[in-house]
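# Results of the structural survey
So you can see what is in the structure, the chains are spelled out below.
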Amino acid sequence: MSAFPEVVELNVGGTAYAVSLKTLLAEDGSWLQDTFGGGSPPPDLPVDARGHYFIDRDGGLFRHVLDYLRDPARYAVPIGFLERDRLRREAEHYRLPGLIELLGKQAPGCITVGYRGSFQFGRDGLADVKFRKITRLLVHGRVALCREVFGDTLNESRDPDHGGSDRYTARFFLKHVFIEQAFDMLQEQGFRLVASCGSGTAGSVSENLKPGVDTEENRWNHYNEFVFVRD
């Protein structure tokens, strides 16, 4: 007979859970099965002041562990989930190879990065051209994917949240102007460049110029877009 009740009360990192013993024992060879599947509680399993079994792990992420154990065939990592690496460490601790495999798979999607800028001219005109001057890096795509890739570098101030994370946006931009950094972040998340396009010279001498922009530089304004895909 098991020393554990059919409903086990847990304290995981300060977060309380009530879970069926069947769920805890669902995965063969797991840490949870080894801990709660014996005839008596292991001597190194502490109990908190309320009598709940205490597990010194991340309490918030344990919810995903339980969701996976309840129905491994249907569990899916949420789109745009930002704590994938931390959840993988939890899955490794609990010895859940199926969850580890799922965390290695990333949701497919498409993100477009664009920038508007100009060649910057010095006093000597064409003889003193700087490589480029980027005014802003724009990000278009599904909101959840954009957040997953760019995290805290994403500025959403021009696109307040009017819906769920499954919506799409064309109004995000980055807090920096280093396009190579944006490319590195996309590559690290499994995206690859599939297409790019750019405008030619935009404007003419007859256009009304902004203060501080000379005629020659204004004629070299351009806009480029880069399309990245994750299969």
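Residues numbered from 1 in each chain as written. Predicted model: local features only at pLDDT ≥ 70, side-chain atom pairs only at ≥ 80, totals over all residues. Heavy atoms only, no water.

### Quick word on the overall build of the protein chain
The cut-off we apply is this: Secondary structure elements are taken from DSSP: a helix is a run of H or I of four residues or more, a strand is a run of E of two residues or more, and numbering for both begins at the N terminus. Each residue gets one of three labels from its accessible area relative to the maximum for its type: buried under 20%, exposed over 50%, partly exposed in between, using a 1.4 Å probe on protein chains only. Contacts are residue-level and defined by heavy atoms, with any inter-residue pair within 4.5 Å sufficient. Only the protein chains shown count as cover for residues, with accessible areas throughout obtained via the Shrake-Rupley method and a probe of 1.4 Å.
The number of helices and strands found in the protein chain is eight helices and nine strands. The burial tally for the protein chain puts 37% of its 231 residues in the buried class. Long-range pairs, those at least 24 residues apart, make up 64% of the contacts in the protein chain between residues at least 6 apart in sequence. For the protein chain, the computed accessible surface area is about 13100 Å², with 51% contributed by carbon and sulfur atoms.

### Looking at helix H6 (residues 143–150)
With respect to burial, H6 is a largely interior element, seven of its eight residues being buried. Along H6, the residues classified as buried are Val143, Ala144, Leu145, Cys146, Glu148, Val149 and Phe150. The positive-phi residue at the C-terminal boundary of H6 is Gly151, with phi of around 50 degrees.

### Examining the packing of aromatic side chains
The criterion, for reference: Pairing of aromatic rings covers Phe, Tyr and the six-membered ring of Trp, with a centre-to-centre limit of 6.5 Å; geometry is then stacked below 30 degrees between planes, edge-to-face above 60, and tilted otherwise. By definition, being over a ring means that NZ of Lys or CZ of Arg is both within 6 Å of the ring centre and within 35 degrees of the ring normal.
For the coordinates displayed, the defined rule picks out 10 aromatic pairs. Among the aromatic residues, those joined into a cluster by ring pairs are Tyr17, Trp31, Phe62 and Tyr94. Across from the ring centre of Phe173, 4.0 Å away, lies the NZ or CZ of Arg136, which sits over that ring.

### Description of the side chain of Asn224
The following threshold applies: Think of a polar contact as two N or O atoms within 3.5 Å of one another; within protein, one of them needs to be a possible hydrogen donor and the other a possible acceptor, and neighboring residues in sequence only count if both atoms come from side chains.
As for its position among the elements, Asn224 is in strand E9 (residues 221–230). When its relative accessible area of 14% is taken as the criterion, Asn224 is described as buried. Within the structure, the side chain of Asn224 is placed 2.9 Å from the side chain of Tyr115, a separation counted as a polar contact. When residues no more than four places from it in sequence are discounted, the contact partners of Asn224 are Val113, Gly114, Tyr115, Cys197, Gly198 and Ser199.

### Structural notes on the environment of Asp56
By the secondary structure assignment, Asp56 is in the loop between strand E3 (53–55) and helix H3 (62–70). Overall, the relative accessible area of 63% leaves Asp56 in the exposed class. Separated by 42 residues in the primary sequence, Asp56 and Gly14 have C-alpha atoms spaced 8.3 Å apart.

### Some thoughts on the sheet that holds strand E1 (residues 7–12)
Stated formally: DSSP bridges decide pairing: two strands pair if at least two such bridges lie between them. Axis definition: a line fitted to C-alpha atoms, over the contacting stretch in the case of helices. Angles run 0 to 180 degrees between N-to-C directions.
The three strands lie next to each other as E2-E1-E3, forming an open sheet whose pairing is mixed. Two strands close off the open sheet at either side, each with one partner strand: strand E2 (15–20) and E3. Taken over all neighbouring pairs, the strand axes of this sheet differ in orientation by 35 degrees on average, direction set aside. Here E1 runs beside E2; their pairing, made up of six bridges, is antiparallel. The partner of Glu9 across the bridge, within E2, is Ala18. Its contacts with the sheet put H3 on E1 and E2, and the angle it makes with E2 is roughly 10 degrees.

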